[in-house]
Amino acid sequence: MPKFLLSLIFVCATTFVWAQDSQQEKLEQRKAQILQEIKDNEKMLQSVRKKEKSAVNEYLIQANKIKLKEKLINTTAKQEKILSNDMYINQVQVNKLKKELAVLKEDYSKMILKSYKSRSEQSRAMFILSSESFLQAYKRAQYLKQYTNFRKNQGLEIQTKTAQLVDFNAKLDGQRKVKKKIIVENQKERATLEVEKKEQQKLVNSIKKDKNRIAADIKAKQSESKRIDRQIDRLIREAIAEANRKAAAEKAKENPGSTVAKAPVSSSKIAMTPEDKVLAADFKANRGRLPWPVEKGFISLGYGDQPHPLHPSITVHNSGVEITTEDGASARAVFAGEVSKVIVLSPVNKAVVIQHGDFFTVYQNLSSVSVSQGDKVSIKQSIGKVRTSGDTGKTIIKFLILQNTTNSDPENWLQNR
């Protein structure tokens, strides 16, 4: 095979190995992230167990922990697969180098033997002096010089390829150790996953005994949730109408005698200023990349109509997402904007509405609020503390995203965890 083609194959293989290393690094980072989330869930679980107030909440945290364990196992399996592919490529390189070295050494030994037989300076001189012409003598002298250089270069090439072979063998040894460690980790996680699932089943069985009480509690909470949704919808419509009245009054000042101010004021679609349009476009462009409204946590109830996680026969509605977090967690703005409303839903339950152009984000179930209506807020700025329920021991923030008065699934807007 021509040297150029061999070099090309080597470069391609090296590039592929580099890409594999990059993938391994990303998977290692993802694995570390999942492990941290599992630790956070374990911390929340221990907190709930200490309070001993809500088997349902314990079930939800346990279910999320199982989901994270499954993600961890899948991530580790991907690592093992990439590592196996990388090892195969390295083994191919080792085999290739061994063959090339064998050929080089054989050629080199023949050359050394030939050189030994004609090693004397006298034989070299006779080889040149026996030439039939000056031109032939010159060519023979050049040949001897090139032959010496070729022999030297071949020796250097053997040294280089031997060093490469040592490096590849060392890398393979390291990869074998890493693969062995990954396999052991995966087996351990699978074993703990089975234990987690058995614990979860025990919880389900204990919860089923109180099915009627839990079902009644779910219905009562759904009724309360709908009441709050109606209140938030009314307040957002009021905010839109007020903003539109102000915009109409400004236009009336600029154009006296116009019919703008006499037109009906919309309470479902906000009339945006140029600045509002820029902010709304920026908010929309960050769909799927917004930070979470709490630093740690997981979605314990998704968006829309869905079967209850414990009682599939009961349909629950959610206008946003419920995120279970740790006791004492701070709520934070997911994007820059202006506080449109601070709502007191009950003596122990408050909500903050932040406007981002024609988008609104709502942060519900706060025990305290650290912002006021009209305040400008920045991304990830703390806006209050998430309330921990005295009845259930749950620390949950309900988070909504609306464009004007239309709800959207917040999970599609938040960055993946």
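These notes cover the structure that comes with them.

About the thresholds
- Residues numbered from 1 in each chain as written.
- Predicted model: local features only at pLDDT ≥ 70, side-chain atom pairs only at ≥ 80, totals over all residues.
- Heavy atoms only, no water.
- Helix = DSSP H or I, 4+ residues; strand = E, 2+ residues; numbered from the N terminus.
- Buried < 20%, exposed > 50% of the residue type's maximum accessible area, 1.4 Å probe, protein only.
- Contact = heavy atoms within 4.5 Å.
- Areas by Shrake-Rupley, 256 points an atom, 1.4 Å probe, with all protein chains shown as cover.
- Core = buried A, V, L, I, M, F, W, Y, C linked by side-chain atoms within 4.5 Å.
- Salt bridge = Lys/Arg side-chain N within 4 Å of Asp/Glu carboxyl O.
- Pairing = 2+ DSSP bridges.
- Polar contact = N/O pair within 3.5 Å; in protein donor to acceptor, adjacent residues only side chain to side chain.
- Phe/Tyr/Trp six-rings, centres within 6.5 Å; stacked < 30°, edge-to-face > 60°.

1. A few points about the overall build of the chain
Secondary structure assignment for the chain yields 6 helices and 12 strands. In the chain, buried positions account for 40% of the 417 residues. For the chain, the share of sequence-separated contacts (at least 6 apart) that also reach a separation of at least 24 residues comes to 73%. In the form shown here, the chain has an accessible surface area of approximately 24,300 Å², with 55% of it arising from carbon and sulfur atoms.

2. With respect to the nonpolar core
Counting residues in hydrophobic clusters, the biggest one holds 28 residues, and the most contacted among them are Leu290, Val352, Ile354, Tyr363, Ile383 and Ile397. Mapped by element, the contributors of at least two residues to this core are helix 6 (274-285), strand 4 (321-324), strand 7 (349-356), strand 8 (359-369), strand 10 (382-386) and strand 11 (396-403). Beyond its immediate stretch of four places on either side in the chain, Ile397 contacts Pro293, Val294, Val321, Glu322, Ile323, Ala331, Tyr363, Gln364, Leu366 and Val386. Residues Ile343, Leu345, Val362 and Leu402 belong to the second largest nonpolar core, which totals 14 residues.

3. What to know about the pattern of salt bridges
Tallied over the full model, the rule gives 5 salt bridges. Across the salt bridge formed by Glu238 and Arg234, the nearest N and O atoms sit 3.1 Å from each other. Here Glu238 pairs with Arg234, and both are found in helix 5 (residues 211-254), just 4 residues apart, close to one helical turn. By relative accessible area, which is 43% here, Arg234 ends up partly exposed. Where Lys376 meets Glu338, a salt bridge forms, and the shortest distance between an N and an O atom there is 3.1 Å. With Lys376 in strand 9 (residues 376-377) and Glu338 in strand 6 (residues 337-346), the pair connects residues that are 38 residues apart, well separated along the chain.

4. Topic: the pairing of strand 7
Taken across its 8 residues, strand 7 has 8 buried, putting it largely inside the fold. As judged from the 7 bridges shared by strand 6 and strand 7, these two strands associate in the antiparallel manner. Its bridge partner being in strand 7, Val344 is matched across the sheet by Lys350. From the end of strand 6 to the start of strand 7, which pair antiparallel, there are 2 residues. With 7 bridges joining them, strand 7 and strand 8 adopt antiparallel strand pairing. Its bridge partner lying in strand 8, Gln355 is registered against Phe360. Joining the antiparallel neighbours strand 7 and strand 8 is a turn of 2 residues, in which Gly357 adopts a positive phi near 75 degrees.

5. A word on the environment of Val294
One can find Val294 in the loop between helix 6 and strand 1 (298-301). Along the sequence, Val294 and Ser382 sit 88 residues apart, while their C-alpha atoms lie 9.2 Å from each other.

6. Overview of the side chain of Lys398
Relative to the assigned elements, Lys398 resides in strand 11. Judged by relative accessible area, which is 6%, Lys398 ranks as buried. Looking at Lys398, its side chain comes within polar contact range of the side chain of Ser225, at 3.0 Å. When neighbours within four sequence positions are excluded, Lys398 is seen to be in contact with Ser225, Asp229, Asn318, Ser319, Gly320, Val321, Glu322, Val362, Tyr363 and Gln364.

7. Here's the deal with the packing of aromatic side chains
This structure, assessed with the given rule, holds 5 aromatic pairs. Chaining the aromatic ring pairs together yields one cluster made of Phe283, Phe335, Phe359 and Trp413.

Keep in mind these values describe shape, not function.
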